[in-house]
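Per-entry structural report
The lines below spell out each chain.
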Amino acid sequence: MALTNTTITSWKLQEIVAHSSNVSSLVLGKASGRLLATGGEDCRVNIWAVSKPNCIMSLTGHTSPVECIQFNSSEERVVAGSQSGSLRLWDLEAAKILRTLMGHKASVCSLDFHPMGEYLASGSVDSNIKLWDVRRKGCVFRYKGHTQPVHCLAFSPDGKWLASASDDSTIKLWDLIAGKMITEFTSHTSAVNVVQFHPNEYLLASGSADRTVKLWDLEKFNMIGSSEGETGAVRSILFNPDGSCLYSGSENTLRVYGWEPDRCFDVVRFNSVCHPQNNVSWYVVDLSRVKKSGSVIQGLIQDKPIPAPTSALGTTLRRNYERPTTSCTGQDKCSKERRSPSSEDEKEDKESSAEITNPEDYKEIFQPHSVISRTPPKRTEPFPAPLEHSFSESVLEKPGPAVKIVTPLKGPITSSTPVQRVEPTVIAAAPRPVPIGLNAGDFLSHARNAKAGVMGDEEALAQIRKGHDTMCVMLTSRYKNLDTVRSVWASGDVKTSLDSAVSMNDLSIVVDVLNILNLKPSLWKLDLCTSILPQIEDLLQSKYESYVQTGCISLKLILKRFWPLISDTLAAPPSVGVDITREERLKCKACYKQLKNLSNVVKNRAEQVGRHGSTFKELQLLMAPLDC
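Everything numeric in this text was worked out from a predicted model, so none of it was measured. Every chain begins its residue count from 1, and numbering advances along the sequence as written. In keeping with the predicted nature of the model, local features appear solely for residues at pLDDT of at least 70, side-chain atom pairs appear and are counted solely at 80 or more, and the whole-chain, interface and lining totals rest on all residues. In computing side-chain properties, one takes all heavy atoms of the structure into account and sets aside hydrogens as well as water.

A few points about the pattern of salt bridges
We count a salt bridge whenever a side-chain nitrogen from Lys or Arg sits within 4 Å of a carboxyl oxygen from Asp or Glu. The final tally for this structure, using the stated rule, is ten salt bridges. Close ionic contact of Glu-15 with Lys-12 constitutes a salt bridge, the shortest N to O distance being 2.6 Å. Classification of Lys-12 as buried rests on a relative accessible area of 13%. Measuring nitrogen to oxygen at the nearest pair gives 2.4 Å for the salt bridge that ties Lys-172 to Glu-184. Highlighted residues: Lys-172 in strand S16 (residues 171–175) and Glu-184 in strand S17 (residues 180–185), separated in sequence by twelve residues. Only protein chains enter the area calculation, which uses a 1.4 Å probe; residues under 20% of their type maximum are buried, those over 50% are exposed, and those in between are partly exposed. In this description a helix means any DSSP run of H or I spanning at least four residues, a strand means any run of E spanning at least two, and both kinds are numbered starting from the N terminus.

A few points about helix H6 (residues 507–519)
Taking 1.5 Å of rise per residue, the 13 residues of H6 would be expected to cover 18 Å, and the 18 Å separating its terminal C-alpha atoms lies within 8% of that figure. The complete set of buried residues in H6 reads Ser-508, Ile-509, Val-510, Val-511, Val-513, Leu-514, Leu-517 and Asn-518. Each helix should span, by expectation, one fewer than its residue count multiplied by 1.5 Å.

Concerning the sheet that holds strand S7 (residues 77–82)
In spatial order, the strands read S6-S7-S8-S9; together these four strands make up an open sheet with antiparallel pairing. Two strands bound the open sheet, and with one partner strand each, they are strand S6 (66–71) and strand S9 (96–101). In this sheet, neighbouring strand axes are inclined to one another by 20° on average, regardless of whether the strands run parallel or antiparallel. Pairing between strands requires that DSSP locate at least two bridges from one strand to the other. With five bridges connecting them, S7 and strand S8 (residues 87–91) associate as antiparallel partners. Across the sheet, Ala-80 pairs through a bridge with Arg-88, a residue of S8. Under this scheme, a helix contributes an axis fitted over its contacting stretch, all axes are lines through C-alpha atoms, and angles between N-to-C directions fall in the 0 to 180 degree range.

Re empty space enclosed by the protein
The rule is simple: put a 1 Å grid over the protein atoms alone, call a set of points where a 1.4 Å probe fits but cannot get out a cavity, call an open set with protein on both sides within 12 Å along at least five of seven lines a pocket, and count a residue as lining if it has an atom within 4 Å of a point. Grid points are joined across faces, edges and corners, and a volume is the space filled by probe spheres set on the points. Considering all chains together, one arrives at two cavities of 30 Å³ or more under this definition. Space inside the second largest cavity adds up to approximately 30 Å³. Residue classes follow a fixed rule: Ala, Val, Leu, Ile, Met, Phe, Trp, Tyr, Cys and Pro count as nonpolar, while Asp, Glu, Lys and Arg count as charged, and any other residue, Gly among them, counts as polar. Its residues assigned to classes, the lining of the second largest cavity shows three nonpolar, one polar and three charged.

Examining the environment of Ser-503
Examined against the element boundaries, Ser-503 turns out to sit in helix H5 (residues 494–503). Residues Ser-503 and Arg-135, 368 residues apart in the sequence, show an inter-C-alpha distance of 8.4 Å.

Limitation: the analysis is restricted to geometry and does not speak to function.
Okay, structure coming up:
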């Protein structure tokens, strides 16, 4: 019998053992659709490439099960929320922890990145929603209104609104700029599991445990459609990239919906076997064989498409999103929760690590030699289907638990072995203690003893290679960032170079630039101080001695060169007529406030007994005039 290509619509692609215990969450990257992150009860986050069997990277640091995960839009960062209420943010390209965010009083169960900024939102079992500025390591706004856990969050494409779905059966829409709720949708009769904005139009879709998918008009704030016929709770929904239809995933079923009028274009059914809760399975649906348009008449799908409502000019009646640069402000800021780095934060960051378990795949995906998308080149069949003569697993397997089809939601996942954090130095594992006066070889046969000796060498080499790969990744990232700063420096603009280093959220780059400035005090200008003083505060509280030393030297130079100017400028009366010195006075005022904050840090460090105690006491004397 000749082999022929398959005509099946869906098939099982792969199954992996994702974690050493139950998988509690997973997410598929939206940019490429080929990067998967899983979180487990083993407190780990594992990164996978779709269709590859081995874990690329294992992220550690959480001390309680990971309940939710989310990639940012470029898939360069991933954030994970835990059962304890903490969030950890990792930089995947640099293979390091960026931020640890604390604030929720209960488990974090939903996350989403703002589309155009360094912000992310988190929802919790405590019913609160928090908006975080990851650059400043703090909460900038808190939204209250739900009465039960918030299980899904989604930012609008223009970044102005945030939609939240809760177990209290409601959907709330928040205005980020005004800092208040715009409206509330209450038509669902059970917990709302997921919400999704239309990619272009002012539409919002929601899926619920009441077995319905509903669509909401965001201009008139009313419901325009509701599905029927779902076989179970709706776990995931996703608009087609062009916005022409909506996919919904429930137990073993994928449905394709249209609206205005309501209709179901197609239904794809899955069968999955029951598998251990630490496994994850991938299923593929060939969308070229799925109906995404047409009308449904007496249960049959017609091939005649139904156009969306249009005006006389032929344009869509519903308003489309604009995508301006937006900022998030508000009155109810979490000032108590915004804090500078502390010893507790440093301890948490030290306990967090990114272990690269598959260096070749890691470099291919996160550090390609040429500037290309991490999505592999398009092929005719990126996920080859099984041949027609072979029976598909999806047909033969018995019905089992729900399958996450569209946007993977919570499900079992696993992680790998952690390694020690290696920034900025690699710490070799301590050798195992050997009992004094005893020889282990006396208790083993000759053959077994020889084998044990070989295994010991292999284990040692494995540990060396593991640390080496991670260190190479970090040094490569550092070199790339320094090269960016150097290219800006070559233009002669020191201020822009320093701002570029600060924006990278990597203190090692800031230290490298400061070491150059400290060697050439003539390069220091007053406008540099406003950019670098917050970074010096981080350096003075660092666990790395070289960072502390660089921070102290920079602070001494600033005090000696600019304190007389700052004090004289602030003491001088305002000018009569045109205030030519206004800009300089504002800079001096900003520096003064930052130096006041630093004086408290210096005072606390001066009271500690340590290698730099005398240096901090000297700084304390230089900063004494600030208290006058």
